[in-house]
Amino acid sequence: MGVYGLGRPADPAVKYFQRKLGPAERATLLAAGEGDMSAGFLEIIDTYRHFYNLGLRPSMAREKVCLTLPPADA
């Protein structure tokens, strides 16, 4: 099974994939894209790429990741 129990892993060369979204997944994509699920999907991909470049790996516990944001007036 895949990481999230979704069955067999997708072919890395795939151009399109379909997946049924649950309410929480839909809400996450809408929030990330400010109401646009496609933009939210791309935002999440971009954010994961950034965290991966900082050293986050799929095997690491996300609960132990700490994010520090600068003050709003900085």
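Colleague: Any details on the overall build of the protein chain? Residues and values, ideally.
Modeller: Helix and strand counts for the protein chain stand at two helices and zero strands. The 74 residues of the protein chain split such that 5% are buried. Accessible surface, the protein chain: about 7,000 Å² in total, of which carbon and sulfur atoms supply 61%.

Colleague: Before we move on, could you go through a nonpolar patch on the surface and cite the residues and values that matter?
Modeller: On the surface, Val14, Phe17, Phe41, Leu42 and Ile45 cluster together into a nonpolar patch covering about 490 Å² of accessible area. The partly exposed category is assigned to Val14, whose relative accessible area is 42%.

Colleague: Mind laying out helix H2 (residues 37-53), listing which residues take part and the relevant values?
Modeller: For H2, built from 17 residues, the straight-helix expectation of 24 Å at 1.5 Å per residue is met to within 8% by its first-to-last C-alpha distance of 24 Å. The N-terminus of H2 is capped by Asp36, whose side-chain oxygen sits 3.0 Å from the backbone nitrogen of Ser38. In the segment just after H2, Gly55 is the residue with positive phi, at about 120 degrees.

Colleague: For the packing of aromatic side chains, give the residues involved together with the corresponding values.
Modeller: Using the criterion set out here, one finds one aromatic pair in the structure. Between Tyr48 and Tyr52, the aromatic rings sit 6.2 Å apart at their centres with planes inclined by 40 degrees, giving tilted as the arrangement. You can see Tyr48 and its partner Tyr52 sitting in helix H2, four residues apart, about one turn around the helix. Classification of Tyr52 by relative accessible area gives partly exposed; the value is 36%. Here the basic side chain of Arg57 rests over the ring of Tyr52, its NZ or CZ set 3.7 Å away from the ring centre.

Conventions adopted
Residues numbered from 1 in each chain as written. Predicted model: local features only at pLDDT ≥ 70, side-chain atom pairs only at ≥ 80, totals over all residues. Heavy atoms only, no water. Helix = DSSP H or I, 4+ residues; strand = E, 2+ residues; numbered from the N terminus. Buried < 20%, exposed > 50% of the residue type's maximum accessible area, 1.4 Å probe, protein only. Areas by Shrake-Rupley, 256 points an atom, 1.4 Å probe, with all protein chains shown as cover. Patch = residues over 30% accessible without salt bridge, like charges linked within 9 Å, V, L, I, M, F, W, Y side chains within 5 Å. Salt bridge = Lys/Arg side-chain N within 4 Å of Asp/Glu carboxyl O. Expected span 1.5 Å × (residues − 1). Polar contact = N/O pair within 3.5 Å; in protein donor to acceptor, adjacent residues only side chain to side chain. Phe/Tyr/Trp six-rings, centres within 6.5 Å; stacked < 30°, edge-to-face > 60°. Lys NZ or Arg CZ within 6 Å of the ring centre and 35° of its normal.

Remember, this is a structural readout, not a statement about activity or role.
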